[in-house]
Every structure is written in structure tokens, then in C-alpha cells.
Amino acid sequence: MSSTGYVLKLGGTVIVTGGNRGIGKAFSRALARAGSNVAIIYRTSKDAPDVARKIQEEFQNVKVRAYQVDVSDYDRTVETFKRAEQELGEVTGLIANAGVSAIKPALELTTEDFRNIYGVNVLGVFNSAKAVARIWVDRGERSKGSIVITASMSAEIINQASTNKPLPQAFYNSSKAAVRNLVKGLAAEWVTHNIRVNSVSPGYVRTDQTEHLDKNIRDHQAHNVPLRRFAEPEEITGQALLLLSDRASYQTGADYLVDGGQLIW
Ligand code: NAP
């Protein structure tokens, strides 16, 4: 983020699910740079505490810590968020960013695939949002917070592997469409608690999720984006931080599309 001109300053503690790698790691760094303590939530990556330590070393005026929890487990998510608040200070925001995908033809997708993908991308997002909303609502009159959900441009389109050939990920794309509507439902219900809920929908971003795709597919996708390339994770952070901040005080139930122009076509 630019150090001159319009600079966003944030305080408090922000929880970032999947904050240890990819887009989530870029969110964690951007938040620490903006002045927030960061609770990085991860599921299995053993190096997550090291990632937190390195961000902490870079931004010594804030606290950054990693917490292991599977966000598809509501009770453990609540416990973990409460512990993060006790250790880092008052939680003011959440980026529900953890997500998984499976690239498989629809005829081969199984109930287990559905449970895995929807368990993280929809139930995990809901659990994270409900856990943080619970903390805020229990504050009573002081209730206030901002939630940002990482959705995807794939909520609206079917990605192509090559011209007129779909990248088969029916559960992933539909899970992202589900959370785009979840944003509106939660925003409508929680407006009375002074809680705003919005989403950011990235296009193709260079992360582990896309790096393992066949190079021909990546090249085809990049070539068809009006900006002619995948995004770097850092290029998704500005919209999320803006939504977390009071600069977005009149924005709820909305989505920022950050797709290099892909949905123009
Ligand atoms: P990524 O590099 O594959 O990282 C996924 C993250 O989610 C990891 O930190 C992982 O933790 C965490 N996670 C997965 N399941 C979890 C669970 N059950 N509980 C807690 N944490 C869990 O992903 P990414 O590419 O940065 O994507 C981040 C978000 O952006 C996802 O929601 C994705 O769908 C969305 N998105 C990505 C792109 C793209 O092109 N990359 C485009 C649009 C939208 P561990 O490291 O411990 O496994």
C-alpha cells in the first residue's frame, strides 16, 4: 500500500481465516502494516506459526499470532476466536477467507467432495462469521464490527480450461455463489447489531490454489483476462481493508469484484 496520499489506518484485532498463505497471507501482512493485531487461522500448515512470527518481526508495533482450527467445527472456532481476543485484544474485524477447491468432472464428484468443499467454503465461512458476531453481540450496546468474506468471480461464471471447455469445479463455483448470497442474508440480519458484512471476489490470483493447475490452462486463463495476467495476492488487499475500515461505514451486503476485467466478457 502507498505510504503517501490516502492511507488506511486500522486498529484492534482482525481474524483472518486461511491467513497463513496465498491471498490470506497478503491480508495478514496488509492488516499488520495498517496497524491491526492479526489472528491467523490455519488448518494444517506446519509453518503457519513461522509465517506469523515473520510478519510480527516486520511490523513490531502490532501482535500477530497463528491459531490452528478447522473452521468447519463451530464449537472449536468459537473457542479459538475467544482465545485470540484474550491474547491479542478486542476483535474488530474478520476476513473469512479460508477456502478449498476440487477440480473434477461433475459425474465424478462425490458426497464427500461436497462435504469437504461446502464444509469449508460455506459452513466454515458461516461458522467464522457467527463466532465473531457472537462476540460482538454479547458486548451489547458497544456491538460493532465488520466482516469481509472472500468469495470469487467464479460465483458468477464457469471458468474455462481452454476455449469453450469448462474447468470442472461445480461444487467450488456454486459454493462461492452461496456465500455471495450469505453476505446479503447476514448483512440484513446483523445491521441492527452494527455489524457490516461484505465480500471481495477475486479473479485469478497466483497462489497454491492456482499454481498446481496445468500451465496450458493457466496460460489460457491469463491470456483471456483483459489485464492479461493473474493477480498477485497483494492486489486483493486494498478492497478488503477498505471494507473493514470505517471509510466503508455506509457499505454492507455488497461485493467488490477484483478480477482484472474478466467479467467484462
Ligand atoms: P490457498 O493458498 O489454497 O490457501 C487456503 C487457505 O485456507 C490456507 O491457509 C488453509 O490453511 C486454509 N484452510 C483451508 N481449509 C481450512 C479449514 N477447514 N479451516 C481453517 N483454514 C482452512 O488459497 P488462496 O488461493 O489464497 O485462496 C484464498 C481464498 O480466496 C479462498 O476462499 C479461495 O477460494 C478464494 N479465491 C482464490 C482465487 C485464486 O485464484 N487463488 C480466486 C478467487 C477466490 P492450511 O495452510 O493450514 O491448509
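Above this text sits the structure in question.
Residues numbered from 1 in each chain as written. Predicted model: local features only at pLDDT ≥ 70, side-chain atom pairs only at ≥ 80, totals over all residues. Heavy atoms only, no water.

Chemist: I would appreciate a short explanation of the pattern of salt bridges in the present structure.
Modeler: Pairing between side chains becomes possible if they bear opposite charge and their charged atoms approach one another. The final tally for this structure, using the stated rule, is 17 salt bridges. Of the charged contacts, one joins lysine 144 and aspartate 246 as a salt bridge, the two residues approaching to 3.2 Å between their closest N and O atoms. Placement of the pair is lysine 144 in the loop between α4 (111-137) and β5 (145-150) and aspartate 246 in the loop between α8 (237-244) and β9 (255-258), with a sequence separation of 102 residues. Residue classification places lysine 144 among the partly exposed positions, given a relative accessible area of 43%. When its relative accessible area of 52% is taken as the criterion, aspartate 246 is described as exposed. (Salt bridge = Lys/Arg side-chain N within 4 Å of Asp/Glu carboxyl O. Helix = DSSP H or I, 4+ residues; strand = E, 2+ residues; numbered from the N terminus. Buried < 20%, exposed > 50% of the residue type's maximum accessible area, 1.4 Å probe, protein only.)

Chemist: Looking at this model, I keep getting lost on the packing of helix α1 (residues 22-34) against helix α2 (residues 48-58). Mind explaining?
Modeler: Any two packed helices are characterised by the angle at which their axes cross and by the distance between the axes. At a minimum axis distance of 10 Å, the contact between α1 and α2 shows a crossing angle of 25 degrees. The angle between the axes of α1 and α2 places the two elements in the roughly parallel class. You can see that α1 and α2 cross each other, and the crossing is right-handed. In this structure, α1 uses Lys25, Ser28, Arg29 and Ala32 to contact α2, whose residues at the interface are Val51, Ile55 and Glu58. Its residues placed into classes, the contact of α1 with α2 shows three nonpolar, one polar and three charged. (Axes fitted to C-alpha atoms, helices over the stretch in contact; angles between N-to-C directions. Parallel < 35°, antiparallel > 145°, perpendicular 65-115°, else oblique. Left-handed = near helix turned anticlockwise from the far one by under 90°. Contact = heavy atoms within 4.5 Å. Nonpolar A, V, L, I, M, F, W, Y, C, P; charged D, E, K, R; others polar.)

Chemist: Any chance you could explain the site of the ligand here in plain terms?
Modeler: In the vicinity of the ligand there are 30 residues, among which Asn20, Arg21, Thr44, Ser45 and Thr207 approach most closely. One nitrogen or oxygen atom from the main chain of valine 205 is found 2.8 Å from an oxygen atom belonging to the ligand. Notes on the ligand: free accessible area 910 Å², of which the protein chains cover 96%. With respect to the pocket detection grid, the ligand is positioned in the largest pocket. Of all elements in the fold, only α1, α5 (170-190) and α6 (208-211) reach the threshold of two or more residues within the shell around the ligand. The dominant element in the shell around the ligand, judged by the number of residues it contributes, is α6, at three residues. Along the lines of polarity and charge, the residues of the shell around the ligand split into twelve nonpolar, 13 polar and five charged. (Near = heavy atom within 4 Å. Polar contact = N/O pair within 3.5 Å; in protein donor to acceptor, adjacent residues only side chain to side chain. Areas by Shrake-Rupley, 256 points an atom, 1.4 Å probe, with all protein chains shown as cover. 1 Å grid on protein atoms, 1.4 Å probe; cavity = no way out; pocket = protein on both sides within 12 Å on 5 of 7 lines; lining within 4 Å. Sits in = over half its atoms within 2 Å of the grid points.)

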